[in-house]
Protein chains: 2
Amino acid sequence: MNVDRSSLKTGSSVRQACRTGKFTGQTSGLASGFAQANLVILRERDASDFLQFCQKNPKPCPLLEVTKAGDFCPAKLATDSDLRTDLPRYRVWKQGTLIEEPTDISHLWRDDLVSFLIGCSFTFEAALIEAGLPVRHIDLGLNVPMYRTSLNCEPAGIFSGPLVVSMRPFKPADAIRAVQITSRFPAVHGAPVHMGFPEQLGITNLAQPDFGEAVPVEPGELPLFWACGVTPQAVLMQAKLDFAITHSPGCMFVSDLKDEALAIS
Amino acid sequence: MNVDRSSLKTGSSVRQACRTGKFTGQTSGLASGFAQANLVILRERDASDFLQFCQKNPKPCPLLEVTKAGDFCPAKLATDSDLRTDLPRYRVWKQGTLIEEPTDISHLWRDDLVSFLIGCSFTFEAALIEAGLPVRHIDLGLNVPMYRTSLNCEPAGIFSGPLVVSMRPFKPADAIRAVQITSRFPAVHGAPVHMGFPEQLGITNLAQPDFGEAVPVEPGELPLFWACGVTPQAVLMQAKLDFAITHSPGCMFVSDLKDEALAIS
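Residues numbered from 1 in each chain as written. Chains lettered and ligands numbered in written order. Predicted model: local features only at pLDDT ≥ 70, side-chain atom pairs only at ≥ 80, totals over all residues. Heavy atoms only, no water.

**Here's the deal with the overall build of chain A**
Where we set the bar: By definition, any uninterrupted DSSP run of H or I lasting at least four residues is a helix, any uninterrupted run of E lasting at least two residues is a strand, and each is numbered from the N terminus. Atoms counted for the radius of gyration: C-alpha only. Globule rule: 2.2 Å times the number of residues to the power 0.38. Exposed residues in this analysis have more than 50% of their type's maximum accessible area, buried residues have under 20%, and partly exposed residues fall in between, with area computed by a 1.4 Å probe over protein chains only. Pairs of residues are marked as contacts when any of their non-hydrogen atoms sit within 4.5 Å. Note that accessible areas follow from Shrake-Rupley with a 1.4 Å probe, and for residues the cover is restricted to the protein chains shown.
The number of helices and strands found in chain A is 6 helices and 11 strands. Over its C-alpha trace chain A gives a radius of gyration of 18 Å, about what one expects of a compact globule, namely 18 Å for 265 residues. Taking the principal axes of the C-alpha coordinates as reference, chain A spans close to 55 × 45 × 35 Å. The buried share among the 265 residues of chain A stands at 55%. Of the contacts formed within chain A by residues at least 6 apart in sequence, a portion of 76% connects residues at least 24 apart. A total accessible area of about 10700 Å² is found for chain A, and carbon and sulfur atoms account for 51% of it.

Structural data, given as structure tokens:
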């Protein structure tokens, strides 16, 4: 039996509801003000390359925390958390293929697993909304549109692939504010990587995103493009690892950290 | 006899050369690293309205210092300075008409004159160049192109008029950096007021600026528009004051303040 979403006001309450099987849905809009994170779990032998990949590509892969092998508690993000149970839903990958979407991964846990918690754009979207800027896909109740670009990430070991970006359109004055606001949050993708000319990113049709859902860009608006947390998932799939676990799309780890704690100024 | 420009490495040396009549030229590129300022001198009876105008329009009119009536030394900007002699060249206005361009205004000084020192874009241009961004008009050896817009400043008393903007074109990634860098400098116009769509500002032809000189905007570049220090001069002319003094275009007050001291972070 699912819990009432409106009762999930803190990171702790979301994690508790997940852990007890009472919540298995998407976390967008839950625990307002608390930072959410993307999750990637790899075997220790793959983790070193992936750590290097994240450090070479901080805009798509801003690391909030990396656990020691076997440790399932990212203590900086939430001291009492358990990554095996505290997300609503996971994806289990073998040889780059999705094989299972469980709500608990305790049965898969091993002492050689390393967990990567990666910043999520929900944090900067909250700051944009707080500043009074309209965020199109949220206003329309859609998932943000995301696009594979013709820009390649810096490769590291077995990991390589294209940069994936998310797109949000703004009027020019709001676009300037959006650059300023998101620049304060390098831990959650930071400033846009591009604005204005999708073709410069190899994007031929904004109406056909590779992930998420299309949103209209009105005349007189600029499309702004941010590095996206889907990049590491695309890179993982391409690497065809024997074994990996990620969060299920939209089903993030909700931390005890306040969004504003991730601002640099 | 004019002094060698390359010897004018500090605000103090520029002011000394002006005071002794050895320098009467434009100050762009002089005393690298020292903040320069626009100058407006008004009679005390007009000064209160103008102060309000500046405070209502901080982007075109960022006030660095306002002197007391009769005081010709803006001590926060340069303790030993004398506004009657320390600029290369001045403009004297009567009933909104330019009547004289002297290199010294000692003969015009009165005890009821109030001086306004207003931030100048040279400071943020130095920061853009320091960050490796190409500034088109500087690279081409031209004056920055400036345009009257269809946006009105907030009026105050006798002062009103259109916002004047300067334009600098950038590639998208550089445009994002330019927003970030100039946001650090609210005391010198700060972040752009617009980017991308000149027609939204009532600008019909970028090739025909109202002041300065046109520069090309290449395909794939965004035109960025900043509030401009020419705005107060346009507003002064429109107010047709009995008496006003300003700096002559490009002949700024060079302060002892370092550019970086005007950054907020």
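**Topic: the packing of helix 3 (residues 122-130) of chain B against helix 5 (residues 172-183) of chain B**
Residue and element names in this part refer to chain B. Let me state the cut-off plainly: Under this scheme, a helix contributes an axis fitted over its contacting stretch, all axes are lines through C-alpha atoms, and angles between N-to-C directions fall in the 0 to 180 degree range. Any angle from 65 to 115 degrees is called roughly perpendicular, while one under 35 is roughly parallel, one over 145 is roughly antiparallel, and all others are oblique. Handedness of a helix crossing follows the sense of rotation of the near helix relative to the far helix, less than a right angle counterclockwise being left-handed and clockwise being right-handed. Residue polarity is assigned by list, with Asp, Glu, Lys and Arg as charged and Ala, Val, Leu, Ile, Met, Phe, Trp, Tyr, Cys and Pro as nonpolar; anything else, Gly included, falls into the polar class.
Between helix 3 and helix 5, whose axes approach to 10 Å, the crossing angle comes to 130 degrees. Judged by the angle between their axes, helix 3 and helix 5 are oblique. Both helix 3 and helix 5 take part in a crossing whose hand is right-handed. In this structure, helix 3 contributes F124, A127 and L128 to the contact, and helix 5 contributes A178, I181 and T182. Grouping the constituent residues of the contact of helix 3 with helix 5 by class yields 5 nonpolar, 1 polar and no charged.

**Notes on unusual backbone geometry**
Positive phi is not limited to glycine here, since A31 of chain A has a value of about 45 degrees. Relative to the helices and strands, A31 of chain A is located in the loop between helix 1 (11-19) and strand 1 (34-43). Positive phi, normally seen in glycine, also occurs at K240 of chain B, with a value near 50 degrees. Positionally, K240 of chain B belongs in the loop between helix 6 (230-239) and strand 10 (244-247). By relative accessible area, which is 57% here, K240 of chain B ends up exposed.

**Here's the deal with empty space enclosed by the protein**
All names here are of chain A. Using the following cut-off: Only protein atoms enter the calculation, which uses a 1 Å grid: trapped sets of points that fit a 1.4 Å probe without letting it out are cavities, open sets showing protein on both sides within 12 Å along at least five of seven lines are pockets, and any residue with an atom within 4 Å of a point is a lining residue. Grid points are joined across faces, edges and corners, and a volume is the space filled by probe spheres set on the points.
Summed over the entire model, instances satisfying the criterion amount to 2 cavities of 30 Å³ or more. The residue makeup of the lining of the largest cavity, split by class, is 6 nonpolar, 1 polar and no charged. As a volume, the second largest cavity reaches approximately 40 Å³. W93, G96, L236, M237, L241 and A244 are the residues that line the second largest cavity. For the lining of the second largest cavity, the class distribution of residues is 5 nonpolar, 1 polar and no charged.

**What to know about helix 5 (residues 172-183) of chain A**
The condition that has to hold: Expected span of a helix: the number of residues minus one, times 1.5 Å.
Taking 1.5 Å per residue, 12 residues should reach 16 Å; helix 5 of chain A reaches 17 Å between its end C-alpha atoms and fits that length. Looking at helix 5 of chain A, one finds that the buried residues are P172, A175, I176, A178, V179, I181, T182 and S183 of chain A. Along its buried surface, helix 5 of chain A packs onto helix 3 (122-130), strand 7 (162-170), strand 8 (194-195) and strand 9 (222-227) of chain A together with helix 5 and strand 8 (194-195) of chain B.

**With respect to the environment of Q208 of chain A**
Residue and element names in this part refer to chain A. Looking at the secondary structure, you find Q208 in the loop between strand 8 and strand 9. Classification of Q208 as exposed rests on a relative accessible area of 58%. For the pair Q208 and P145, spaced 63 residues apart in sequence, the C-alpha separation works out to 8.5 Å.

**Some remarks on the relation of the copies chain B and chain A**
The condition is simple: Least-squares fitting of one copy onto the other uses the C-alpha atoms of those residues that reach a pLDDT of at least 70 in both copies.
Taken as rigid bodies, chain B and chain A are interconverted by a rotation of 180 degrees and an axial shift of 0.0 Å, the fit giving an RMSD of 0.0 Å. Both copies are brought into coincidence by an operation consistent with a two-fold rotation axis. Minimal C-alpha separation from the rotation axis in chain B is found for Q180 of chain B, amounting to 3.1 Å.

**Brief notes about the sheet that holds strand 8 of chain A**
Residues and elements named next belong to chain A. This is how the line gets drawn: Two strands pair under a simple rule: DSSP has to find at least two bridges between them.
Spatial strand order, 6-7-9-8: 4 strands in an open sheet with antiparallel pairing. Either end of the sheet is taken by a strand with one partner, and the two such strands are strand 6 (146-152) and strand 8. Pairing of strand 7 with strand 9, which is carried by 6 bridges, proceeds in the antiparallel orientation. Looking across to strand 9, one finds that F170 is bridged to L222. Packed onto the sheet, helix 5 meets strand 7, strand 8 and strand 9 and runs at close to 15 degrees relative to strand 9.

**Here's the deal with the pattern of salt bridges**
To keep things clear, this is the line we draw: Salt bridge, as applied in this entry: a Lys or Arg side-chain nitrogen positioned within 4 Å of an Asp or Glu carboxyl oxygen.
Applying the stated criterion to the full structure yields 25 salt bridges over all chains. With its nearest N and O atoms 2.5 Å apart, the salt bridge here joins R45 of chain B to D242 of chain B. On the criterion of sequence distance, the pair formed by R45 of chain B in helix 2 (residues 44-56) and D242 of chain B in the loop between helix 6 and strand 10 is long-range, its members being 197 residues apart. You can call R45 of chain B exposed: its relative accessible area is 52%. The network of salt bridges with common partners includes R15, R19, D80, D86 and D256 of chain A.

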